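Below are the chains, spelled out letter by letter.
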Amino acid sequence: GAVVYTVYITDLNNCTDSDEINISLHPSANADAGSDVTICSGTSTTLSALGGTQFIWNDLITDATRNVSPISSTTYSVTVTDANGCTDLDSVIVYVNPLPSVDAGSDTSFCEGYAFQMNAYSMNTDLTYTWSPNQYLSATNIANPISTPEQTITYTVQITDLNNCSNTDDII
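This write-up is about the structure you can find in this document. Quick caveat: nothing in here was measured; it's all calculated off a predicted structure.

Quick notes on the side chain of T45
Here is step 1: By the element assignment, T45 lies in strand β4 (residues 45–48).
Here is step 2: Using a relative accessible area of 14% as the deciding quantity, one classes T45 as buried.
Here is step 3: In this view, T45 contacts V37, I39, R66, N67, V68 and V94; residues no more than four positions away in its chain are not counted.

Structure follows, in structure tokens:
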């Protein structure tokens, strides 16, 4: 809304004059840095700020939308300026979950025709296991499948935790 102020001036000769000033009040800018987000270590996410025409993040990036790959949980703040020059500040937290530990075991060799039990190890719990390739394996979704290879082969185990963060290791 606008407010009009009028000032009246009278001098010693009793002459008067007036002037007006219009003061317009603009609604405040409404910065929105988005909802907090959780990512896995080593991945990235896109942050998008809304509510204005100019943006400046706490690390001096001036794009409304940006990719971030923090190595630990980080708060990003953005100052938004609207078309009227009004500003507002909002923040978003990017939480970073660590990757689960994984060890597929030591590389090994043995005689053809024999079986070898692999044993993936992790310090984490509540994990899912995925071994690949599935060739010559007794199972692909357990920590310790038995392999009966007919040739030298490299297996990769992918361990995924409850946060859907994954890590891999190989064994030959």
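Moving on, there is more to tell.
Side note on the layout of surface pockets
Here is step 1: Taken as a whole, the largest pocket holds about 260 Å³ of empty space.
Here is step 2: Lining the largest pocket are 16 residues; nearest its centre among them are T108, F110, P149, Q151 and T152.
Here is step 3: A breakdown of the residues in the lining of the largest pocket according to their chemical character gives nine nonpolar, five polar and two charged.

Some words on a nonpolar patch on the surface
Here is step 1: On the surface, a cluster of nonpolar side chains totalling about 460 Å² of accessible area is made up of V3, Y5, I21, I23 and L25.
Here is step 2: Those elements that provide at least two residues to the nonpolar patch are β1 (2–10) and β2 (16–24).
Here is step 3: By secondary structure assignment, the location of L25 is in the loop between β2 and β3 (37–40).
Here is step 4: According to the relative accessible area criterion, L25 is exposed, its value standing at 57%.

Side note on the packing of aromatic side chains
Here is step 1: With the rule as written, the count across this model stands at zero aromatic pairs.
Here is step 2: Lying across the ring of W57, R66 places its NZ or CZ 5.3 Å from the centre.

So, the environment of Q54
Here is step 1: Tracing the sequence through the fold places Q54 in strand β5 (residues 54–57).
Here is step 2: Residues Q54 and T152, spaced 98 residues apart in sequence, show a C-alpha to C-alpha distance of 59 Å.
Here is step 3: Beyond its immediate stretch of four places on either side in the chain, Q54 contacts T79, V80 and T81.

As for the sheet that holds β5
Here is step 1: Strand order across the open sheet formed by four strands is β3-β8-β7-β5, with mixed pairing between neighbours. One side of each edge strand has no neighbouring strand; the edge strands of this open sheet are β3 and β5. Along the sheet, successive strands turn relative to each other by an average axial angle of 30°, direction set aside.

Brief notes about the pairing of β4
Here is step 1: Here β4 shows a clear split, with T45 and L47 buried on one side and none of T46 and S48 buried on the other.
Here is step 2: In this sheet, strand β6 (residues 65–68) lies alongside β4 in antiparallel orientation, the contact comprising four bridges. Note on β6: the bridge partner recorded for S48 is T65.

Cut-offs and rules
Residues numbered from 1 in each chain as written. Predicted model: local features only at pLDDT ≥ 70, side-chain atom pairs only at ≥ 80, totals over all residues. Heavy atoms only, no water. Helix = DSSP H or I, 4+ residues; strand = E, 2+ residues; numbered from the N terminus. Buried < 20%, exposed > 50% of the residue type's maximum accessible area, 1.4 Å probe, protein only. Contact = heavy atoms within 4.5 Å. 1 Å grid on protein atoms, 1.4 Å probe; cavity = no way out; pocket = protein on both sides within 12 Å on 5 of 7 lines; lining within 4 Å. Points joined across faces, edges and corners; volume = space filled by probe spheres on them. Nonpolar A, V, L, I, M, F, W, Y, C, P; charged D, E, K, R; others polar. Patch = residues over 30% accessible without salt bridge, like charges linked within 9 Å, V, L, I, M, F, W, Y side chains within 5 Å. Areas by Shrake-Rupley, 256 points an atom, 1.4 Å probe, with all protein chains shown as cover. Salt bridge = Lys/Arg side-chain N within 4 Å of Asp/Glu carboxyl O. Phe/Tyr/Trp six-rings, centres within 6.5 Å; stacked < 30°, edge-to-face > 60°. Lys NZ or Arg CZ within 6 Å of the ring centre and 35° of its normal. Pairing = 2+ DSSP bridges. Axes fitted to C-alpha atoms, helices over the stretch in contact; angles between N-to-C directions.

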